[in-house]
Amino acid sequence: SGKTMLPVQILKDHAQEERGDSARLSSFVGAIAIGDLVKTTLGPKGMDKILINGNPDRNDIKVTNDGATILKSIGVDNPAAKVLVDISMAQDNEVGDGTTSVTVLASELLKEAEKLINMRIHPQTIISGYRKALKLSQDALRASAVESGSNMREDLLKIARTTLSSKILSQYNELFSNLAVDAILRLKGSANLDAIQIIKKLGGSLNDSYLDEGFLLEKLPGMYQPRRLENAKILIANTPMDTDKVKVFGSRVRVDGVAKVAELEAAEKLKMKEKVDKILAHKMNVFINRQLIYNYPEQLFADANVMAIEHADFEGIERLALVLGGEIVSTFDTPEKVKFGQCDLVEEIMIGEDRLMRFSGVALGEACSIVLRGATNQILEEADRSLHDALCVLMTHVKESKTVAGAGASEIIMSNAVLNGAQKVAGKEALAIQAFGQALSALPIIISDNAGLDGADLVTRLRAEHANGNHRMGINVEEGTISDVVELGVIESLQVKMCMVSSAAEAAEQIIRVDDIIKCAPRPRAPDNRPC
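Everything numeric here is computed off the predicted structure, so don't read it as measured data.

A. Region of the structure containing the overall build of the protein chain. Looking only at helices and strands, one finds 15 helices and 19 strands in the protein chain. Against the 2.2 N^0.38 benchmark of 24 Å for 532 residues, the protein chain shows a C-alpha radius of gyration of 30 Å, more extended than a compact globule. Structurally, the protein chain occupies a C-alpha span of about 95 × 85 × 40 Å along its principal axes. Once local pairs closer than 6 in sequence are excluded, the contacts in the protein chain between residues at least 24 apart make up 75%.

B. Inspection of helix H8 (residues 258–280) at higher detail. For H8, built from 23 residues, the straight-helix expectation of 33 Å at 1.5 Å per residue is met to within 8% by its first-to-last C-alpha distance of 33 Å. All buried positions along H8 are accounted for by Met272, Val276 and Ile279. Buried positions along H8 lie against strand E8 (228–237), strand E9 (286–289) and helix H9 (295–303).

C. Molecular detail of helix H3 (residues 79–94). Between the first and last C-alpha of H3 there are 23 Å, a value that for 16 residues agrees with the 22 Å anticipated at 1.5 Å per step. Where H3 is buried, its residues contact helix H1 (20–38), helix H2 (67–73), helix H4 (99–118), helix H11 (377–399) and helix H15 (494–512). Backbone geometry just downstream of H3 places glycine 96 in the positive-phi region, at approximately 95 degrees.

D. Quick peek at the packing of helix H5 (residues 123–144) against helix H13 (residues 429–450). The N-to-C vectors of H5 and H13 enclose an angle of 55 degrees; their axes lie 8 Å apart at closest approach. Taken as axis vectors, H5 and H13 run oblique relative to one another. Judged by the sense of rotation from one axis to the other, the crossing of H5 with H13 is right-handed. Of the residues in H13, those touching H5 at Thr125, Ile126, Ser128, Gly129, Tyr130, Lys132, Ala133, Leu134, Leu136 and Ser137 are Glu429, Ala432, Ile433, Ala435, Phe436 and Leu440.

E. Geometry of the environment of glutamate 492. Mapped onto the fold, glutamate 492 is located in strand E18 (residues 491–493). Residue glutamate 492 is classed as buried on the basis of its relative accessible area, which comes to 17%. In sequence terms glutamate 492 and threonine 403 are 89 residues apart; their C-alpha atoms lie 5.5 Å from each other. Separated by 3.1 Å, the side chains of glutamate 492 and lysine 497 make a polar contact.

F. Representation of the packing of aromatic side chains. Scanning the entire structure with this criterion turns up three aromatic pairs. Positioned above the aromatic ring of phenylalanine 340, the side-chain terminus of lysine 233 is 4.4 Å from the ring centre. The aromatic ring of tyrosine 296 is capped on one face by lysine 269, whose charged end is 4.8 Å from the ring centroid.

G. Structural context of the sheet that holds E18. Read from one edge to the other, the open sheet built from three strands follows the order E4-E15-E18, with strand pairing classed as antiparallel. The open sheet is flanked by strand E4 (146–147) and E18, the only strands paired with a single partner. Two elements, strand E15 (residues 402–405) and E18, share three bridges in a ladder whose sense is antiparallel. Bridge assignment links valine 404 to a residue of E18, and that residue is glutamate 492.

H. Layout of the nonpolar core. Ranked by size, the top nonpolar core spans 66 residues in total, and within it Ile126, Tyr130 and Phe436 carry the most contacts. Ranked by residue count, the leading element in this core is H15, at 10 residues. When near neighbours in sequence (up to four residues on either side) are disregarded, isoleucine 126 contacts Ala113, Leu116, Ile117, Ile121, Ala432 and Ile512. Listed in part, the 55 residues of the second largest apolar core include Ala160, Leu169, Leu217 and Ile491.

I. Structural view of the pattern of salt bridges. Inspection of the entire model under this criterion finds 34 salt bridges. One salt bridge in this structure joins lysine 135 and aspartate 139, with 3.1 Å as the shortest N-O distance. On the criterion of helical spacing, the pair formed by lysine 135 and aspartate 139 is a turn pair, its members being four residues apart in helix H5. Taken together, the shared-partner salt bridges connect Asp212, Arg228, Glu230, Glu347 and Arg358 into one network.

J. Seen up close, the packing of H1 against H4. Where H1 contacts H4, the axes come no closer than 8 Å and their chain directions differ by 145 degrees. For the element pair H1 and H4, the recorded crossing hand is left-handed. Here Arg24, Leu25, Phe28, Ala31, Ile32, Ile34, Gly35, Asp36 and Val38 of H1 lie close against H4, whose contacting residues are Thr100, Thr103, Val104, Ser107, Leu110, Lys111, Ala113, Glu114 and Ile117. Taken together, the residues of the contact of H1 with H4 break down into 10 nonpolar, four polar and four charged.

Procedures and definitions
Residues numbered from 1 in each chain as written. Predicted model: local features only at pLDDT ≥ 70, side-chain atom pairs only at ≥ 80, totals over all residues. Heavy atoms only, no water. Helix = DSSP H or I, 4+ residues; strand = E, 2+ residues; numbered from the N terminus. Rg over C-alpha atoms; globule rule 2.2 N^0.38 Å. Contact = heavy atoms within 4.5 Å. Expected span 1.5 Å × (residues − 1). Buried < 20%, exposed > 50% of the residue type's maximum accessible area, 1.4 Å probe, protein only. Axes fitted to C-alpha atoms, helices over the stretch in contact; angles between N-to-C directions. Parallel < 35°, antiparallel > 145°, perpendicular 65-115°, else oblique. Left-handed = near helix turned anticlockwise from the far one by under 90°. Polar contact = N/O pair within 3.5 Å; in protein donor to acceptor, adjacent residues only side chain to side chain. Phe/Tyr/Trp six-rings, centres within 6.5 Å; stacked < 30°, edge-to-face > 60°. Lys NZ or Arg CZ within 6 Å of the ring centre and 35° of its normal. Pairing = 2+ DSSP bridges. Core = buried A, V, L, I, M, F, W, Y, C linked by side-chain atoms within 4.5 Å. Salt bridge = Lys/Arg side-chain N within 4 Å of Asp/Glu carboxyl O. Nonpolar A, V, L, I, M, F, W, Y, C, P; charged D, E, K, R; others polar.

Put into structure tokens, the structure is as follows:
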């Protein structure tokens, strides 16, 4: 039979496919490049990165040391690199800190996997080895953890100091770790970080930042209204208060003379007055609205001696409702059913150049505001990010209060456990388990290299110490030696470390599994037929 076989093209034109080794190589290269990008930010002597928005008019510069922020801001095209960006984001949302470590660990695991694959070991073998190694390292980490128990505040302070030591706030470590711990302890175990509000104000130095026990709102009351009220009864509303002027622009009104427009306006004004009377029937002395309040209703509130605050954005009133214990109201026909917000004192205060309203003695005693001061916007942003990380970590620690040694000690504990476990496993898997142990010990090496120390030397010494049972030994970056890090107060929350190791292992596993990358053909643009 004279059939001729024509070559079959499965994918559309311009679609790309990489197979087998070349796909795996491009995955590994991409992921390792991401790891190398952030690894210089690791540890107390890590450096910062400047990220510039590609749009030259909007001079958007971020100066940051936070792994998740760096990765979020760079546009990554490589699919494996995207996976690393995602785990770093997940780590940020889950526990707040360890965003750089998780990326670096994943990329080290992939470096090791690449060596194994070049030795002709099947990816699935590597994966099952990594699984066993992960189990070994988690068990070792759990075994080394210590309950916080009664000295909770001490431990929280140490954890906050450790977290902040690698951030811009490390110069003011005492001040900010105390701020963060006070704020978290005020929450009394409730996991609602919304009750802590961070307000950034330019000017002053980071030293001038403080914790305000009240709730701050960056809005002011209207003209001729009281500036200070005690025992406030607060109505939080979301309702339009701008109908006393006819919206002539949007609506068509047919009138036979200008006098008629005035009548319309009078009618609108009357409607507004009825609405304000309905609101005043609630007998409150503070009225906070999400939307605008026009001059006429503002004047009516002033006559009734009510403090009316307009345009307290969505976030503002959501938070206010939470903190003051009130509900957000949109209709005013049933005053008896409304839940009002309460607080002891509403007053106007100054911070730097700006005037704000401060609500003190609020119903939700947990609430507080942290006011950050700083010389430039970039510093404020970075301080905000660092503080947020610290708050998240403390929050996580309050839930499960176990600590582990920091400064590379836990990594070596895990690494040694994994390497010892590898000797008991027969077959090629043992090589993968060993590789996992090697990757774990890369973290302390990088931390010491960033500090200009000899990483290889310090980490081998650490291994020997840990093998002799001194499990509290870690890297002392300040002295350039190894020392008992628990005595130095460098401890971390168990949960943060656990999350880091398991996320990194899972991400690495996901990338090792890949043997084919297919890119869709880009959608062709329709030709432009418009006349020039």
